[in-house]
Amino acid sequence: LALPWFKGMVCGVTLDSSFNDLLMLYLATVQGLALGVRLVIKKLEEHGMTYDNIIICGGLADNPLYLHVLASVTQMEVVVPQEGNMMCSGAALLAQAATEGTSLTALLQSSASDLKTNGIPTLARFSRVL
């Protein structure tokens, strides 16, 4: 997102196809995604944006390992909406604000109680498993 021409690679891959090897590749992928998010946040902060937390939606919101890695890498609180399809809810809020002439801020504040916080401080628990 911030630097779309960046490329990545996996170094040190062997012909090992054991379960542990697959776990390490999976962990490297998850860490790469989280580091990409951190890069985007840092670039936005360089341009004056500030953040207190990350509100995540979509398929990765159901992945506890990714949530732990994301919180560890960004050093930010990760919030997961209770609503299963937050993108549709967001579109509905925008439509409601447009049709009713209501402030989007007011609508968001009224729906903020639908968020739950996952206390996700560290990756330590998962790194011992691998």
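The coordinates are above.
K.L.:
Hey, could you run me through the pattern of salt bridges in this one?
P.N.:
Opposite charge on two side chains makes pairing possible when the charged atoms of those side chains draw close. The tally for this structure, following the rule as stated, stands at 1 salt bridge. Between Lys-43 and Glu-46 there is a salt bridge; the shortest N-O distance is 3.9 Å. Pair noted here: Lys-43 and Glu-46 are both in helix α1 (residues 19–46), with a separation of 3 residues, about one helical turn.

K.L.:
How should I be thinking about the nonpolar core in this particular structure?
P.N.:
Generally speaking, soluble globular proteins have nonpolar side chains that are buried together. If you look at the biggest cluster of nonpolar residues, it comprises 17 residues, and the most contacted ones within it are Ala-34, Ile-56, Tyr-66, Val-69, Leu-70 and Val-78. If you list the elements that add at least two residues to this core, you get α1, α2 (64–74) and β2 (77–81).

K.L.:
How should I be thinking about unusual backbone geometry in this particular structure?
P.N.:
Excluding glycine, residues mostly carry a negative phi; peptide bonds, for their part, are mostly trans. The backbone of Gln-75 sits at a positive phi, close to 55°, despite the residue not being glycine. Within the fold, Gln-75 resides in the loop between α2 and β2. Judged by relative accessible area, which is 65%, Gln-75 ranks as exposed.

K.L.:
Looking at this structure, how should I read the packing of α1 against α2?
P.N.:
Any two packed helices are characterised by the angle at which their axes cross and by the distance between the axes. Direction vectors running N to C along α1 and α2 enclose 45°, while the axes themselves pass 9 Å from each other. Between α1 and α2, the interaxial angle falls into the category oblique. The two elements α1 and α2 meet at a crossing, and its hand is right-handed. Of α2, the residues touching α1 (which contributes Tyr-26, Leu-27, Val-30, Gln-31, Leu-33, Ala-34, Leu-35, Val-37, Arg-38 and Ile-41) are Leu-65, Tyr-66, Val-69, Leu-70, Val-73 and Thr-74. Here the contact of α1 with α2 is composed, by residue class, of 13 nonpolar, 2 polar and 1 charged.

K.L.:
Where do I start with the pairing of β2 in this structure?
P.N.:
Both faces of the sheet carry side chains from a regular strand, because those side chains alternate between them. For β2, the buried fraction is high: 4 of the 5 residues fall into the buried class. Strand direction decides the pairing type here: strand β1 (residues 53–55) and β2, joined by 3 bridges, are parallel. From the neighbouring strand, Asn-53 faces β2, where its bridge partner is Glu-77. The parallel pair β1 and β2 is bridged by α2, and the resulting crossover is right-handed.

Calculation notes
- Residues numbered from 1 in each chain as written.
- Predicted model: local features only at pLDDT ≥ 70, side-chain atom pairs only at ≥ 80, totals over all residues.
- Heavy atoms only, no water.
- Salt bridge = Lys/Arg side-chain N within 4 Å of Asp/Glu carboxyl O.
- Helix = DSSP H or I, 4+ residues; strand = E, 2+ residues; numbered from the N terminus.
- Core = buried A, V, L, I, M, F, W, Y, C linked by side-chain atoms within 4.5 Å.
- Buried < 20%, exposed > 50% of the residue type's maximum accessible area, 1.4 Å probe, protein only.
- Axes fitted to C-alpha atoms, helices over the stretch in contact; angles between N-to-C directions.
- Parallel < 35°, antiparallel > 145°, perpendicular 65-115°, else oblique.
- Left-handed = near helix turned anticlockwise from the far one by under 90°.
- Contact = heavy atoms within 4.5 Å.
- Nonpolar A, V, L, I, M, F, W, Y, C, P; charged D, E, K, R; others polar.
- Pairing = 2+ DSSP bridges.
- Right-handed = clockwise from strand over helix to strand, strands pointing away.

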